[in-house]
Amino acid sequence: MKLHEIENIEVELLLEAIFQRYGYDFRGYARASIRRRIKQFMEGSKIATISEMIPRVIHDESLFNEMVREFSITVTEMFRDPAMFLALRENVLPVLKSYPYIKIWHAGCATGEEAYSLTILIKEYGLAERATIFATDFNDHALSLAKTGIYDLNNAKQYSLNYQKAGGNGSFADYYHSRYDAMMMNNELKKKITFANHNLVVDQVFSETHLIFCRNVLIYFNRELQDRVLQLFHESLVHGGFLCLGTKESLMFSRVEDRFKTIDKKNKIFQKID
Amino acid sequence: MNVQSFKAVVIGGSAGSTEVMVKLFSYLPERLELPIIFVNHLHPEDDGGLVEYLSCQTALRVEEAADKEHIEGGTIYVPPADYHLLVESDLTFSLSIDRKVKYSRPSIDVLFESAAMAWNDRLIGIVLTGASHDGSDGVRAIHKYGGLTIAQNPDEATYPIMPQAAITTGCVDKILPVAGIGLFLQACLGHNTVPELKKVNAHD
Ligand SMILES: C[S@@+](CC[C@H](N)C(=O)[O-])C[C@H]1O[C@@H](n2cnc3c(N)ncnc32)[C@H](O)[C@@H]1O
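The numbering scheme is per chain: residues are counted from 1 as the chain's sequence reads. All chains are assigned letters beginning with A, and all ligands numbers beginning with 1, in the order in which they are written. Local features are withheld for residues below a pLDDT of 70 in this predicted model, meaning they are given only at 70 or higher, and side-chain atom pairs are given and counted only at 80 or more; totals for whole chains, interfaces and linings count all residues. The side-chain values count all of the structure's non-hydrogen atoms but skip hydrogen atoms and water molecules.

A. Quick look at the confidence of the model for chain B. Residue and element names in this part refer to chain B. For chain B, mean pLDDT is 90; residues scoring 70 or higher make up 91% of the total. Per-residue confidence from the predictor is given as pLDDT, running between 0 and 100. Here a residue-residue contact requires only that any non-hydrogen atoms of the pair lie within 4.5 Å. With pLDDT under 50 throughout, residues 194–204 is counted as low confidence; its partners more than four residues away or in other chains account for 21 contacts. Under the prediction, the complex receives an ipTM of 0.93, its pTM being 0.93.

B. Highlighting the domain arrangement of chain A. All names here are of chain A. Throughout, the edges of the domains are those of an automatic or database domain assignment. Split into domains, chain A comes out as domain 1 (3–71) and domain 2 (82–272). For domain 1 versus domain 2, the distance between C-alpha centres works out to 30 Å. Between domain 1 and domain 2, the contact holds 10 residues from the first and 10 residues from the second. The junction of domain 1 with domain 2 conceals about 960 Å² of combined surface from both sides, 57% of it contributed by carbon and sulfur atoms. Just to be clear on terms, a salt bridge is a Lys or Arg side-chain nitrogen sitting within 4 Å of an Asp or Glu carboxyl oxygen. Applying the counting rule to domain 1 against domain 2 returns zero salt bridges. Pairs of N or O atoms are called polar contacts if they sit within 3.5 Å, as long as, within protein, a hydrogen donor faces a hydrogen acceptor (for residues adjacent in sequence, only side-chain-to-side-chain pairs). For the pair domain 1 and domain 2, the number of links is two residue pairs in polar contact (both at pLDDT 80 or more). For the side of domain 1 that touches domain 2, the class distribution of residues is four nonpolar, two polar and four charged. Two parts placed together each lose some accessible area under a 1.4 Å probe, and the buried area is that loss summed for both. Residues are grouped as follows: nonpolar covers Ala, Val, Leu, Ile, Met, Phe, Trp, Tyr, Cys and Pro; charged covers Asp, Glu, Lys and Arg; every other residue, Gly included, is treated as polar.

C. Expanded view of the pairing of strand 5 (residues 182–185) of chain A. Residues and elements named next belong to chain A. Burial status follows relative accessibility: with a 1.4 Å probe on protein chains alone, a residue under 20% of its type maximum counts as buried, one over 50% as exposed, and anything between as partly exposed. Helix numbers and strand numbers start at the N terminus; a helix is a DSSP run of H or I with at least 4 residues, a strand a run of E with at least 2. Burial along strand 5 is two-sided: A182 and M184 facing one way and M183 and M185 facing the other are all buried. Strand pairing requires that DSSP identify at least two bridges connecting the strands. Alignment of strand 3 (residues 150–152) against strand 5, held across three bridges, turns out to be antiparallel. Across the sheet, residue D152 finds its bridge partner in strand 5, namely A182. Bridging between strand 4 (residues 176–179) and strand 5 involves four bridges; their strand directions are antiparallel. What sits directly across from H177, in strand 5, is M184. Between strand 4 and the antiparallel strand that follows it, strand 5, lie two residues; Y180 among them carries a positive phi value of about 50°.

Encoded structure:
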């Protein structure tokens, strides 16, 4: 048997062990990234083979927690892909404005930057009063950072530029105050967002949602899991509700593809029509 | 030497490598049967510009790789700007926005390591001109899983750092000038070469 085949077996066994022991289900994740992270984790903790990790992870919960942190990469930024935020402002918010109450679900929010961006947008459009915003992730560590709303001030310039490109009609600096090298988001914004743990693979639907925002999470899943999660989103949306995916994500591999209308092809904004 | 029959070629480079790619096109067979995946360190906001530019230089199909798409022979793929590109064992692509690797996203190492697992001894990996160390871990992985590795001769490269870093790993099988890489690919991938297109595009 060749080396790569042996390694594939090791990866499958490790993911199975994690699932049975802790209930975290990574079995439907795209393997190439997972494998890369396993290897990175091994290097960091001086473990020589993937199969050697199995007993370690099964018996050492703290090691497992470290590993989950490595597994759920939380790279994100504010107003990533400004054109999409602009499209949201121009084509989606005017429709949402017709509802007396709006429920927004931001899934896979990581450390929260995007959730704050979205909230700023909602606020500037005058919808903050009637909006309830849930931002979820399955990584508790990332969520606790999101709740503090404290970010690296070094990024402020980039974020401010993105904000302008996203059509921001105020000044980005009005939304935070700085302290040493930290950028602290305003309390008013913080209070508007409910950060909570939710695992897209195993947890339930959010009912009666008007806008679901889930960007750069599906790319980490295989086709079957993408399909399952997109069905979950479909079920969670009200009729006419909107779904916003990452710029390089699509509904192509899902059986719910036909139940959405494409609102903006380039910015991946869809509307539930069926 | 090349009794191995190859299933895919991965190529990485940064500064100056697009020009080298264009030179390599003239050596490629008209009926290319395998995929070629080319990672170049793009500007994060490049919006399909590289695909467009390369398309004008060859009769072969050039495409931006899409998430979970099947990898087709006869196609030259490049990653979308600001995403890592990975190959899955079922020969589909995955994208990721994981941290930059050696200051780069897309990263050559990330592509090469995943491709090495997917194609093992049926893979050719080539490191071209560039001013970073990206690609050297990738070359190590391709070597480890039995693939064939080539570095552009640093003496000839516009930026020698990248091919030199690959060579320093001790995992490079061949060090060749661009023409040599072209002839080698021609010899392993078939015989009929693509007629060079007349250069009639805005980039010239
Ligand atoms: C790359 S980040 C994307 C962050 C942000 N949406 C963006 O595009 O900038 C992916 C996030 O998905 C989360 N994630 C991965 N699998 C998940 C799951 N099964 N349930 C909930 N969140 C998940 C990770 O914890 C991580 O925070």
